[in-house]
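What the coordinates show
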Amino acid sequence: MFSTEARKTAHVLNRTKLQKKVTKVPAIKDEAVRYPDLSRVIHLLEDPLSCSLKEKHILALKKVVKRCQKGYFLRELADVFKILNICAVKAEDHPEYASVLCDLLHICRLPFLKEKDSDETSYSSIVADSLSHMGYLMRVPIAKVREQICASIISFYSLDKPTHYESGVCPTSLETRQEQMEHSGVAETLVMSLALLENQLPAKLQLLHTLQVLSSSSAVNCGMMLKAEGAQKVCIHMNEPDPSGQVLFRSSEILWNLLENGSWDEATGQLSSTDCIMVLKEAFLHQLLRGYRHYDQQLRNDLLVIATLIAENPKASLIESGFAKQLVLLATIPELRSHNPLIRDLKFTFTDEDFEMKKLLLNMVAVLSRDLAAVQLFKENHVMLALVLLVRPSSPDSRPERKGKRIWTPAQQEALQLQALATLATVAPLMLDEYMSCQANTCLLMLLEWCVQQDSYFGQGHCFHGTGGRGGKKAHLRYCIRLLRSMTSITNSLINQDLCDQGAIGQLLGVLHQFQKQDVEEDKVSVEIQTDTLLTLSDLCDRDAHRMELFGVEGVELVVRYLKMDPTRLYSGLGHNILFISAVDCVWSCIAGCYTTEGFFLEKEGAFLLLDLLHTIPRSMQSVVLATLLELCDNPKTLAHVGAWRGAAELSAPALLLRLWRLEEAEIGVRRDEHGRIADVKKPLLSRYQEVESQESVPANRPSAAVLDVAENLRAKIYALFCRLGFTDLPGLTTEDLVTLSVVHRYLDFKIGEVWSEVSAELELEGVRPITPDAEALGTIAKTSEDTARHVLAQQQSILDQKEQEDLQEEKLAYREMSSNRKQQELTAKSRKHHIAKTSDYKTLKESKRLQEMSIESSRPTDKPDGFTFHSTQIPGLQTTNFCGRVLTVESTPAQLTGGPLASTDLALERVPVKGGALRKVTHSNQDMDLPTIVTVK
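Attention here is on the structure that accompanies the text.

What counts, and where the lines are drawn
Per chain, residue numbering runs from 1 following the sequence as it is written. Totals for whole chains, interfaces and linings use all residues, but because this is a predicted model, local features are given only for residues with pLDDT of at least 70 and pairs of side-chain atoms are given and counted only at 80 or more. To get the side-chain values, take all heavy atoms of the structure and skip hydrogens and water. Under the scheme used here, helices are H or I runs from DSSP no shorter than 4 residues and strands are E runs no shorter than 2 residues, and both carry numbers assigned from the N terminus. Each residue is assigned to one of three classes by its accessible area relative to the maximum for its type, calculated with a 1.4 Å probe on protein chains only: buried under 20%, partly exposed between the two thresholds, exposed over 50%. Any two residues having at least one pair of non-hydrogen atoms within 4.5 Å are treated as being in contact. Areas reported as accessible are Shrake-Rupley estimates using a 1.4 Å probe. Residue values count occlusion only from the protein chains shown. Think of it this way: a Phe, Tyr or Trp ring, Trp meaning its six-membered ring, pairs with another when their centres are within 6.5 Å, and the plane angle makes it stacked under 30 degrees, edge-to-face over 60, tilted otherwise. Comment: the charge-over-ring label is applied if NZ (Lys) or CZ (Arg) is within 6 Å of the ring centre and within 35 degrees of the ring normal. Patch definition: residues above 30% relative accessible area lacking any salt bridge, with like charges linked at up to 9 Å and the nonpolar side chains Val, Leu, Ile, Met, Phe, Trp and Tyr linked at up to 5 Å. A pairing counts as a salt bridge when a side-chain nitrogen of Lys or Arg comes within 4 Å of a carboxyl oxygen of Asp or Glu. To obtain the arc, one takes the directions from the helix axis to the C-beta atoms. Under this definition, polar contacts are N or O atom pairs within 3.5 Å; protein pairs additionally need one hydrogen-donor-capable and one acceptor-capable atom, and for neighbouring residues in sequence, both atoms have to be side-chain atoms. Take the buried Ala, Val, Leu, Ile, Met, Phe, Trp, Tyr and Cys residues and link them wherever side-chain atoms come within 4.5 Å; each set so joined is a nonpolar core.

**Points about the overall build of the protein chain**
- Assigned secondary structure in the protein chain consists of 45 helices and four strands.
- In the protein chain, which comprises 938 residues, the share counted as buried stands at 44%.
- Counted over contacts in the protein chain with a minimum sequence separation of 6, partners at least 24 positions apart contribute 73%.
- As presented, the protein chain carries roughly 51000 Å² of accessible surface, and 53% of it is formed by carbon and sulfur atoms.

Printed below as a string of structure tokens:
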């Protein structure tokens, strides 16, 4: 069948295959001997017959270590960690296993290996369980094992070094490893193992380092640690003896991470206990008094930040522990001297770290001010005086530099001054007596005067409070005005009177004038300064006649300029909406109620401006404008301005108010039909909110829904405005407006009925039955309110019917006009058609002439009264002449009629209507000779 060469070739190929098989089998066997299967290792370790063969166990484990030097495969993780657990159990009684256990754990620092992309998903639960078991291995009481566990977790979680692997093998990514570590819950296990490491300082340091790494950027790990009360456990042990100082450092870093990345409430709740605060106090004072290195000062400031975050929790016992008193005392240096031993031993070096501590202490004062118990500490340690000394205007002579004495740099002094102003805005309203005794008003007005001066001061603007003030004094002005607003807003008569006596109103008006004359583009800081200035002026004047006169014409002009603001700027995002509301509030407090300022405001078209703004501003801002306009309407001149105002499309003020009423009712859900009439006579004004609230009983100290409705929407203000404008003879109202006006007119009656209806409903909800006379009175009131609603509904229907009749009459008139125009068009078309027929058809022309002559003859009178002379229109001897569509035959005319002899056939020509009578002669001109012959009969 086959040739000889083919048989030889087949024989050679078979022999070659056989040799390959022979050489390959021993390689597999040798590989299996060198690297045993993990299941066989587990069987070897667990087999009761070989449990005493330690050397064989260790040899097999070392082979596993050698085999897995580049990492464990995901498919082998279950067997690997089963081996680790067996070794951990054996290591407790036989330390020989500890070294191999450390080697196996050392490989866990490497990424797990995958052979398929789907392995990460397939083995995700196994990976999480394996990492969780690694945390449980902390139970092994061997320091090296615990240290290796922590080191492996750190490397596995954070390191991502590129390593060369065989083809078909790929390591898991860093992001995947971090997610697997979070799902394993190993952070919680490590926190619980802190109690096992009291006598193993190196292992404890390694464990703290591991917790620091796990909590640095993972909210999940922080949540796990807080679940195990990690914040409290770390804080309690942070002051334990440690020559290296790493325990305190790493503990503070862990606490910071927990406060920043974890649940703030849970973290501060754990750290607010007295034990934790005492530990923090001890650690802070130790670093303050014994730490001289830059590292120690940084750690001191970190502890102060943690204490500040804890102080924001109302349940923190900083005051009870005495920590707050020491911090408040430290906040007054170096401005004030003290004989306290704590201050006497403190060396203030004015370094950058001391500067940071000073700022943190000022911030701590602001945080502690939320607890009124801390105010007494502020008074005892003269915090107000220290802050006022910091606030003083900067000048070369304000704080002379002593020889050999260090002070703050200009940039640091600026930052502290701004922060002191911000702190005073919080603290000063709580310490009014100390504020006045330190003459803080005078200091602030001096600072305000310094801020508006034009000099060569160059603000640094590097700090948080200096934002927006670089290169000038804008930041100082911002916080100075903010502090003045804070003090005037508490309406203390002594403080406000003291400010007015020192000319604060004029200075504040000067600030506004300076901003308005600037041509530069406004920023957020500038808008905030102007807003606070207007609010401060409103609080200072507060409808006081004398102060409103001080506000005067200059103040009115400034406010009018703000009211002329472009409405589109309200949406700029810089705060112009708040600035606008402040200007309107200034009209209320500084202008309305004073005859002089009101008159000048109206002369500047202030009422028109308010109505213009009411037409364009958002609904949320209309209430303030309406209230201010209502206040101005007490002046009779204002009513004339309101009546004369016209908006877009000739919109009148009453029409605008009624439109706002309809929009308000649509917003709050009042029932109206499609024509705006009352839909429910029992609930003519009831809103959606009132219907919900009416189902619940309201306490006696809480206003009912009907009363709240008066203050929470515009309807009451619109009704009050109409009470001043009147309800009749209002210009520019449509039928829809009249329908709405009928409801507005009865607003007070309906509101009274609502209140009594709520009283009846509450009595019914509480199971109280009124006595018979009261029940009859309630029924009568309800019936009266319902009858009033029916009367208003009938009035609305009458208005609509009248409008319907007017529309019908207008429709008839329009139809008549259309019909007349159509008839005229038909007559014109018929006349034109007849005219064209005359020019094209001779018979038609003759017939038209005949009819014309008949018409002329029929128009002549047949009777001849005595005393009248009639002349014939026929002139003998002349030919027939065509003119103006009419043919007349003119004969000779007697001379006595023409006024002279007739030369030949001279005619009297004139273009006048034909009215009958005799002819008269007219002189000829050259122009007349060129015209066709026209004879006019009079």
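**Here we look at the packing of aromatic side chains**
- In this structure the tally under the stated criterion is eleven aromatic pairs.
- With 5.3 Å between their ring centres and 85° between their planes, Phe348 and Phe350 make a pair best called edge-to-face. The pair formed by Phe348 and Phe350 is uniform in burial state, with each residue classed as buried.
- Ring pairs connect the aromatic residues Trp661, Tyr719, Phe722, Phe727 and Tyr747, which therefore count as one cluster.
- In this structure, Lys473 packs its charged tip against the face of Trp450, placed 4.5 Å from the ring centre.
- One residue, Arg715, lies across the ring of Trp661, its end atom 6.0 Å from the ring centre.

**Regarding helix 33 (residues 606-616)**
- If you check which residues of helix 33 are buried, you get Gly606, Ala607, Leu609, Leu610, Leu611, Leu613 and Leu614.
- On its buried side, helix 33 packs onto helix 30 (545-563), helix 31 (576-591), helix 32 (595-603), helix 34 (622-632), helix 35 (636-644) and helix 36 (653-668).

**Observations regarding a nonpolar patch on the surface**
- Side chains of Val707, Leu748, Ile752, Val755, Trp756 and Val759 sit close together on the surface and give an oily, nonpolar patch of about 460 Å² of accessible area.
- If you tally residues by element for the nonpolar patch, the top one is helix 41 (residues 747-765), at five residues.

**Section: helix 27 (residues 493-501)**
- Buried within helix 27 we find Ile495, Asn496, Leu499 and Cys500. Buried residues in helix 27, looked at end-on, bunch into an arc of 130°, giving them a common side. Residues Ser493, Leu494 and Asp501 are exposed on helix 27 and point more than 90 degrees away from its buried face.
- Where the residues of helix 27 are buried, they touch helix 24 (432-437), helix 25 (440-452), helix 26 (474-488), helix 28 (504-516), helix 29 (524-541) and helix 30.

**Focus: the pattern of salt bridges**
- The full count for this structure, using the stated rule, is 33 salt bridges.
- In this structure, the salt-bridge partner of Arg724 is Asp634, at a minimum N-O distance of 2.8 Å. Of this pair, Arg724 sits in helix 39 (residues 715-725) while Asp634 sits in the loop between helix 34 and helix 35, placing them 90 residues apart in sequence.
- Several salt bridges converge on common partners, so that one network encompasses Glu665, Arg672, Asp709, Arg715, Lys751 and Glu754.

**Notes on unusual backbone geometry**
- That bond from Ile333 to Pro334 is cis: its omega, 5°, falls within 30 degrees of zero.
- Checked against the element boundaries, Pro334 lands in the loop between helix 18 (323-331) and helix 19 (341-344).
- One non-glycine residue, Gln439, adopts positive backbone phi at about 55°.
- Along the polypeptide, Gln439 turns up in the loop between helix 24 and helix 25.

**As for the environment of Ser251**
- For Ser251, the location among the structural elements is in helix 14 (residues 246-261).
- The sequence separation of Ser251 and Met238 amounts to 13 residues, and the corresponding C-alpha distance is 5.8 Å.
- Setting aside anything within four residues of it in sequence, one finds Ser251 in contact with Leu208, Val234, Met238 and Gln246.

**Some remarks on the side chain of Glu664**
- Among the structural elements, Glu664 can be located in helix 36.
- By relative accessible area, which is 2% here, Glu664 ends up buried.
- Only 2.8 Å separates the side chain of Glu664 from the side chain of Arg619, close enough to count as a polar contact.
- Beyond its immediate sequence surroundings of up to four residues, Glu664 is in contact with Arg619, Asn713, Leu714 and Arg715.

**A look at the nonpolar core**
- In this structure, Leu104, Leu318, Phe551, Leu563 and Phe580 are the most contacted members of the largest nonpolar core, which totals 239 residues.
- Once residues lying within four places of it in the same chain are set aside, the contact partners of Phe580 are Leu563, Met565, Leu570, Leu613, Ile617, Met621 and Val625.

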